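Structure assessment
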Amino acid sequence: MRHNSVFRPAEGAILDLESLQAIATGENRLMSTFLDWAWPSSSGLVLSGLELDGEWTSGGPPGTVRPDSRADTAVVSPGQAIVTSRSGRRYLLSVDKALEVKWPTAAGSAVRGVLALVPQVDAPSKSKANVAREVVSARLGFVKPDRMDDPHLLPLAISLGNGKDWITDLRRVWPPDHTAIQNLLKQFEQLEQTIWRAEPEGSVWDRQVLGRNWVRYQTVAAAALQSARMNIQMRPSTTLERIRLLTALYDQLNRSVERAANELLQFAGATEEASPYSALTGGPGGDSK
């Protein structure tokens with residue numbers, strides 16, 4: 001039977017190598033367990049910060065940012081993330097200063113690609129002795145979209161393809177008061193107006209799935225929207241949870257007021273190949289496992 005050693009200090013106990021290994025592997029097990037719970041199959045997650053500098057846009061998928069097109073560098077704010085090294089070890093990475101990297105071409109932010117954070121694990125630079133510790137730092141870089149899922153990379157943003165905007169809601173935890181969440185809630189308000197202004201129409205209405213009272217269809221759609229709104233306002237959520245939430249909302253709207261379902265697809269950017277919200281319609285952009 002396999003077992004995990006757990007460090008347990010005691011007076012007079014011998015501190016052997018296995019005891020030290022129990023300390024060393026504790027964080028890795030904890031990070032792996034949390035990731036398995038928060039996002040199965042994911043190798044990293046932004047817990048706070050690490051935002052691409054720019055203006056939040058009202059269009060595009062949630063969390064879309066428009067960097068300064070005149071800037072020579074991409075700037076990412078301080079923050080925390082769970083990352084995986086090339087060796088497969090998990091770390092809680094804290095970045096206390098803004099990170100910068102030059103845009104890879106003269107086109108600046110109009111470049112196509114993925115802005116990713118790469119953990120670096122090194123021995124202490126000023127130590128001449130073989131010490132039992134290592135230094136974990138981070139650097140930024142740009143990679144092609146087909147490398148986005150490399151385990152040792154944590155994608156922070158991907159170009160939307162219009163030469164201006166970058167999608168940042170890739171593998172993140174956002175609290176209810178985050179700007180992107182507040183913008184999403186404003187979109188929900190517009191969606192609610194669409195629901196109550198909609199006229200009887202759509203294949204669901206034509207088939208009389210919910211009967212011949214149109215208000216009943218509107219009520220079902222409005223109730224689904226209220227449920228989604230309350231869910232996202234109650235606690236921090238991951239990108240995966242937001243994808244699942246909007247997918248469930250889309251399914252309910254598609255079974256009641258189809259015009260509202262189509263509007264949801266438009267403002268969530270579900271038709272954009274790069275967007276994780278393409279999973280709303282079964283597209284390749286999201287990982288909803």
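Structural notes, computed from the coordinates. Numbering of residues begins from 1 in every chain and follows the order in which that chain's sequence is written. It should be noted that, the model being predicted, local features are given only for residues of pLDDT at least 70 and side-chain atom pairs only at 80 or more, the latter also being counted only at that level, while totals for whole chains, interfaces and linings use all residues. Each side-chain value is derived from all of the structure's non-hydrogen atoms; neither hydrogens nor water enter the calculation.

**Concerning the sheet that holds strand β6 (residues 90–95)**
Picture the strands of a sheet paired through backbone hydrogen bonds; they go either parallel or antiparallel. The criterion, for reference: Paired strands are those between which DSSP finds at least two bridges. Think of it this way: any DSSP run of H or I at least four residues long counts as a helix, any run of E at least two long counts as a strand, and we number them from the N terminus. To get an axis, fit a line to the C-alpha atoms, keeping to the stretch in contact for a helix; angles then go from 0 to 180 degrees between the N-to-C directions.
Strands sit in the order β1-β5-β6 across an open sheet of three strands; the sheet is antiparallel. Only two strands of the sheet have a single neighbouring strand rather than two, namely β1 (45–49) and β6. On average, each strand axis in the sheet is inclined to that of its neighbour by 20 degrees, with strand direction left out of account. As defined by bridge partners, strand β5 (residues 79–84) adjoins β6 across six bridges and the pair is classed as antiparallel. Counted as the bridge partner of Ile-82 is Leu-92 from β6.

**Looking at the nonpolar core**
In summary, soluble globular proteins display a tendency toward joint burial of nonpolar side chains. Where we set the bar: We call a set of buried Ala, Val, Leu, Ile, Met, Phe, Trp, Tyr and Cys residues a nonpolar core when their side-chain atoms join them within 4.5 Å. Between buried and exposed lies partly exposed: a residue is buried under 20% and exposed over 50% of the maximum accessible area for its type, with that area taken using a 1.4 Å probe on protein chains only. Residue contacts are defined here by distance: any two heavy atoms, one from each residue, within 4.5 Å place the two residues in contact.
Ranked by internal contacts, the top residues of the largest apolar core, which has 35 residues, are Phe-188, Leu-249, Leu-253 and Leu-264. The set of elements that each furnish at least two residues to this core consists of α2 (179–197), α3 (203–206), α4 (214–234), α5 (239–254) and α6 (258–267). At eight residues, α4 tops the list of elements feeding residues into this core. With near-sequence residues (within four places) excluded, Phe-188 lies in contact with Leu-225, Ala-228, Arg-229, Leu-246, Leu-249 and Phe-267.

**Describing the pattern of salt bridges**
Counted only if it meets this: Salt bridges are identified by distance alone: a Lys or Arg side-chain nitrogen within 4 Å of an Asp or Glu carboxyl oxygen.
Within the structure shown, the criterion is met by nine salt bridges. Across the pair Arg-242 and Asp-169 runs a salt bridge whose closest N-O atoms are separated by 2.7 Å. Highlighted residues: Arg-242 in helix α5 and Asp-169 in the loop between β11 (166–167) and β12 (173–174), separated in sequence by 73 residues. According to the relative accessible area criterion, Asp-169 is buried, its value standing at 0%.

**Looking at the pairing of β5**
With respect to burial, β5 is a largely interior element, five of its six residues being buried. As paired strands, β1 and β5 are joined by four bridges and run antiparallel to one another. Within β5, the position partnered with Leu-45 by the bridge is Ile-82. Between β5 and β6, which pair antiparallel in sequence order, lie five residues; one of them, Gly-88, sits at a positive phi of approximately 95 degrees.

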